[in-house]
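# A structural walkthrough
What follows is the residue order along each chain.
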Amino acid sequence: MTPADLSRTVVRAVRCAVEDGELPADAVVPDRVVVERTRPGGVGEYATPVAFQVARSARRAPGEVAGVLARRLEVADGIERVEISGAGFLNFVLRKRSVADLLREIHAQGIRYGCAPDPDSDPAPDHAPDRERDRDLALVPAPRAEVRARVVRDALLRIAATQGSTPNATEPVPSTVPTPDTVPTPDTAPNTAPTPTPDTAPNIAPVPAREGDVGARFGVDAAAWAMLAVAPHESPVFAERLLAQDESNEFFRVRYAHSRARALTRNAAQLGFESLPEEFQSLPGEVVGENALLRVLAEHPLALEAAAYHRAPERLVRQLVELADALLDFQYRVLPQGDEKPSAAHRSRLAVAEAAGTVLAGGLTLLGMDAPERL
């Protein structure tokens with residue numbers, strides 16, 4: 001089970017608890033549930049405050065709602081353990097998924113990896129969204145010609161499509177997961193999202209006028225990267241490092257990591273071997289960078305869902321940077337060295353590198369940028 005699967009499993013548990021009468025029939029079932037990594041010192045691997053979302057409409061204490069959901073979730077496939085902490089936080093430990101299963105999933109789904117299992121959704125629609133959806137997503141009161149508003153809006157459309165939804169200007173920005181110090185009570189927790197106002201509508205800071213034509217200065221993709229790398233309400237920074245072709249430039253590192261993944265495939269073919277995800281064998285524990293790369297790959301669906309839920313393309317940007325850096329550290333262990341002959345371990349490492357390249361390509365596409373085969 002991936003973290004994104006866990007989020008959908010929690011929603012189903014709430015719905016089934018209502019349908020089976022364990023929660024009142026008028027209890028509100030949320031459309032989606034926030035699942036995030038447990039904070040340092042917390043319980044388990046992932047946590048959700050869903051009980052607080054449901055408590056008010058169910059007219060129950062959050063702890064009681066959490067108990068109902070915990071009994072259902074602890075028998076769900078892929079969940080090792082469920083614990084309740086604080087006033088009603090649900091904490092999860094997931095069953096360990098084999099590396100082979102992870103790589104097979106990425107290999108099978110390609111750049112759709114991380115998308116909600118909706119056959120009608122498109123994780124990478126055309127960079128120019130259709131006119132109807134453009135009208136529905138007037139995210140900011142800025143002129144339509146404002147370049148950053150357009151870049152952010154289009155990226156959010158693509159990211160939202162991966163989760164089978166389209167953000168709307170009439171929805172307020174979702175709040176972050178509450179902490180134990182700011183836990184709502186059944187009397188204060190909102191039953192539904194508050195009525196939006198101009199003050200709660202998403203705000204996208206424009207490109208400062210002093211920056212001039214950033215597309216001409218830095219290139220369209222590099223300029224878009226700077227616009228998406230910070231939260232929409234923050235002013236983007238257009239530093240000269242955007243032009244640097246070295247490790248000081250995060251945009252370059254992400255695209256370079258993708259091109260390196262493709263180069264490893266070509267180099268392996270020249271050495272007479274290829275990856276075989278369907279016959280994956282466990283990697284040797286001494287391979288430097290293996291665990292970090294596999295962890296980021298496994299968490300990609302959760303990062304993508306969080307970017308869609310919070311309307312935060314910068315979350316996807318950070319995820320791609322972390323993945324690129326992990327791949328660049330790992331790349332030197334993929335191919336045989338010296339007189340080594342290609343082995344099952346090399347084919348397995350190549351499968352990991354190719355999976356990372358696939359995820360990087362999908363992420364860049366969602367941001368509206370090219371993923372070069374060679375750089």
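Residues numbered from 1 in each chain as written. Predicted model: local features only at pLDDT ≥ 70, side-chain atom pairs only at ≥ 80, totals over all residues. Heavy atoms only, no water.

Quick look at the overall build of the protein now. For the protein, the helix and strand inventory stands at 12 helices and 4 strands. If you take every contact in the protein between residues at least 6 apart in sequence, the share linking residues at least 24 apart comes to 72%. A total of about 17,700 Å² of accessible surface is found on the protein, and carbon and sulfur atoms cover 50% of it. (Helix = DSSP H or I, 4+ residues; strand = E, 2+ residues; numbered from the N terminus. Contact = heavy atoms within 4.5 Å. Areas by Shrake-Rupley, 256 points an atom, 1.4 Å probe, with all protein chains shown as cover.)

So, on to the pattern of salt bridges. Per the counting criterion, the structure on display carries 17 salt bridges. Asp-5 serves as the salt-bridge partner of Arg-8, at 3.0 Å between the closest nitrogen and oxygen. Residue Arg-8 and its partner Asp-5 are both found in helix α1 (residues 3-19); the two are separated by 3 residues, about one turn of the helix. With relative accessibility at 27%, the residue Asp-5 sits in the partly exposed group. Close ionic contact of Arg-104 with Asp-101 constitutes a salt bridge, the shortest N to O distance being 3.1 Å. Residue Arg-104 and its partner Asp-101 are located together in helix α4 (residues 99-109), separated by 3 residues, close to a single helical turn. Taken together, the shared-partner salt bridges connect Arg-37, Arg-295, Glu-299 and Glu-322 into one network. (Salt bridge = Lys/Arg side-chain N within 4 Å of Asp/Glu carboxyl O. Buried < 20%, exposed > 50% of the residue type's maximum accessible area, 1.4 Å probe, protein only.)

Moving on to the packing of aromatic side chains. Enumeration over the complete set of coordinates arrives at 4 aromatic pairs. With a centroid separation of 6.1 Å and an interplanar angle of 25°, the aromatic rings of Phe-218 and Phe-238 are classed as stacked. Linking Phe-218 in helix α7 (residues 214-218) with Phe-238 in the loop between α8 (220-228) and α9 (250-270), this pair joins segments that are 20 residues apart in sequence. The same class applies to Phe-218 as to Phe-238, namely buried. (Phe/Tyr/Trp six-rings, centres within 6.5 Å; stacked < 30°, edge-to-face > 60°.)

Reading across from one edge, β1-β2-β4-β3 is the order of the 4 strands in this open sheet, with antiparallel pairing throughout. Each edge of the open sheet carries a strand with a single partner, namely β1 (36-37) and β3 (79-85). Together, β2 (46-48), β3 and β4 (89-94) form the strand contacts of α1, whose direction differs from that of β4 by roughly 135°. (Pairing = 2+ DSSP bridges. Axes fitted to C-alpha atoms, helices over the stretch in contact; angles between N-to-C directions.)

Bringing helix α12 (residues 344-366) into the picture now. An ideal rise of 1.5 Å per residue puts 33 Å on 23 residues; α12 measures up with 33 Å between its terminal C-alpha atoms. Across the 23 residues of α12, 20 count as buried, placing the element largely inside the fold. Count one or two residues on from α12 and you reach Gly-368, which has phi positive near 85°. (Expected span 1.5 Å × (residues − 1).)

With that settled, consider the pairing of β3. Inspection of the sheet shows β3 paired to β4 by 6 bridges, in the antiparallel sense. Directly across from Glu-83, in β4, lies its bridge partner Asn-91. The turn joining β3 and β4, which pair antiparallel and follow one another in sequence, is formed by 3 residues; a positive phi near 60° is taken by Gly-86.

Attention shifts here to the confidence of the model for the protein. For the protein, the average pLDDT comes to 80, and 78% of its residues sit at 70 or higher. Taking the mean pLDDT of every element in the protein, the minimum, 35, falls on helix α5 (residues 131-136) and the maximum, 97, on α9. In this model residues 119-145 is a low-confidence stretch, pLDDT under 50, and it forms 55 contacts with partners more than four residues away in sequence or in other chains. A low-confidence stretch, residues 168-201 (pLDDT under 50), is modelled with 54 contacts involving residues beyond four sequence positions or located in other chains. (pLDDT = per-residue confidence, 0-100.)

In the Ramachandran plot, Arg-59 falls in the positive-phi region, its phi being about 55° despite a non-glycine side chain. The class of Arg-59 is exposed, set by a relative accessible area of 56%.

This next bit is on helix α6 (residues 147-162). Along its 16 residues, α6 runs 23 Å from first to last C-alpha, staying within 8% of the 22 Å computed at 1.5 Å per residue. With a side-chain oxygen lying 3.1 Å from the backbone nitrogen of Arg-148, the N-terminal cap of α6 falls on Glu-146. Phi turns positive, to about 75°, at Gly-164, one or two residues after α6. (Polar contact = N/O pair within 3.5 Å; in protein donor to acceptor, adjacent residues only side chain to side chain.)

Here the focus is the packing of helix α10 (residues 290-309) against α12. Close contact between α10 and α12 brings their axes to 10 Å; oriented N to C, the two are set at 30°. Between α10 and α12, the crossing angle belongs to the class labelled roughly parallel. When you trace α10 past α12, the crossing you get is left-handed. Along its contact with α10, which presents Leu-293, Leu-294, Leu-297, His-300 and Leu-304, the element α12 presents Val-352, Ala-355, Ala-356, Val-359 and Leu-366. Here the residues of the contact of α10 with α12 are counted per class, giving 9 nonpolar, 1 polar and no charged. (Parallel < 35°, antiparallel > 145°, perpendicular 65-115°, else oblique. Left-handed = near helix turned anticlockwise from the far one by under 90°. Nonpolar A, V, L, I, M, F, W, Y, C, P; charged D, E, K, R; others polar.)

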